[in-house]
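# Analysis of the macromolecular model
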Amino acid sequence: MGKPLLSLFRLRAAVSGFLLAAAATALCASEASASELYTAEVPLERYTLDARREAYGPALKIVLSRVSSGDVDRLIELFPDPSDYVVQFQPVEGDLLRVAFDGAAIERALTRAGEAFWGDERPLTLVWLAIDWGNGQREILASSDAGEAPDSFDARSQADRGRSAGDERQDFWRERILDVAERRGIPVMFPLVDVDDLQSVTFSDIWGGFDQAVIDASRRYAV
């Protein structure tokens, strides 16, 4: 927080640009099936008159945001009674209701209305994200599964650092990206940013849009 606006703009530009680049690359590679595409969990207001039926609408909105790029508030009007499309429901821990919908029926309704929808096969997207924090601090967003997480970027020592305050910033952006990807039903993963990765791709390759270096470094992940 408190970083110069220019740094924040660069960060947003990098997020947008490389999510798109990674998605385009993954579309040409292997695919991963999105799990429970037509299932959503929503808060269950237990003290309302018909809590379960009231939860169906918000749950269907979540599903529609995953299977269509249209305006959800407009699309929900195609389903005047969301309960007609419910095939299963189950209260879960934390006052939540898990609702499963009839995916084929929803797709038919969208088709009849002339609305496009996404299929249930989604590309596994590898996200290479270069972040310039300003003051000479630059890094590549690494997977939380990495044995070492990088701090400020240095090709010779990035993979040798232990966890630090910089890891919290990485955690924040991983969680933000994963949250958006989950809401859209897109499976994503992040590189390890270990010695092998750093021999193939640099911060400057990602920041400068040198796609071939990024594609070459991505082959080890089989996405």
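For clarity, every value in this text was computed on a predicted model and none was experimentally measured. (Residues numbered from 1 in each chain as written. Predicted model: local features only at pLDDT ≥ 70, side-chain atom pairs only at ≥ 80, totals over all residues. Heavy atoms only, no water.)

### A closer look at the sheet that holds strand β2 (residues 39-43)
The test is simple: For two strands to be treated as a pair, DSSP must find no fewer than two bridges joining them. Secondary structure follows DSSP: runs of H or I at least 4 residues long count as helices, runs of E at least 2 residues long count as strands, and numbering of each begins at the N terminus. Working convention: axes come from line fits to C-alpha atoms, limited for helices to the stretch in contact. Angles between N-to-C directions cover 0 to 180 degrees.
With antiparallel pairing, 3 strands are arranged side by side in an open sheet as β2-β4-β3. Strands with a single pairing partner mark the edges of an open sheet, and in this sheet they are β2 and β3 (86-92). Direction aside, neighbouring strands of the sheet carry axes that sit 25° apart on average. Judged from the 6 bridges that link them, β3 and strand β4 (residues 96-101) form a sheet pairing that is antiparallel.

### A look at the pattern of salt bridges
We count it as follows: By definition, a salt bridge exists where a carboxyl oxygen of Asp or Glu is found within 4 Å of a side-chain nitrogen of Lys or Arg. Burial classes: relative accessible area under 20% of the type maximum marks a residue as buried, over 50% as exposed, and values in between as partly exposed (1.4 Å probe, protein chains only).
All chains considered together, the criterion is met by 11 salt bridges. With a shortest N-O distance of 2.9 Å, Lys61 and Asp73 are connected by a salt bridge. Note that Lys61 is positioned in helix α2 (residues 51-67) and Asp73 in helix α3 (residues 72-75), a separation of 12 residues in sequence. Residue Lys61 is classed as partly exposed on the basis of its relative accessible area, which comes to 33%.

### Regarding the confidence of the model for the protein
Heads up, the condition is: The predictor rates its confidence in each residue with pLDDT, a number between 0 and 100. By definition, residues are in contact when any of their heavy atoms lie within 4.5 Å.
Mean pLDDT over the protein stands at 79; residues scoring 70 or higher make up 74%. Note on residues 1-35: pLDDT under 50 across the span, and 50 contacts to partners over four residues away in sequence or across chains. Segment residues 147-164 is flagged for pLDDT under 50; beyond a separation of four residues in sequence, or across chains, it makes 41 contacts in the model.

### Re the side chain of Arg122
How we decide: Each polar contact in these results corresponds to two N or O atoms within 3.5 Å; when the atoms are within protein, one needs to be able to donate a hydrogen and the other to accept it, and residues that are neighboring in sequence are counted only if both atoms are side-chain atoms.
With respect to the secondary-structure elements, Arg122 resides in strand β5 (residues 121-123). Residue classification places Arg122 among the buried residues on the basis of a relative accessible area of 3%. Reaching out from Arg122, the side chain makes a polar contact with the backbone oxygen of Arg66 at a distance of 2.9 Å. Within the structure, the side chain of Arg122 is placed 2.7 Å from the backbone oxygen of Gly119, a separation counted as a polar contact.

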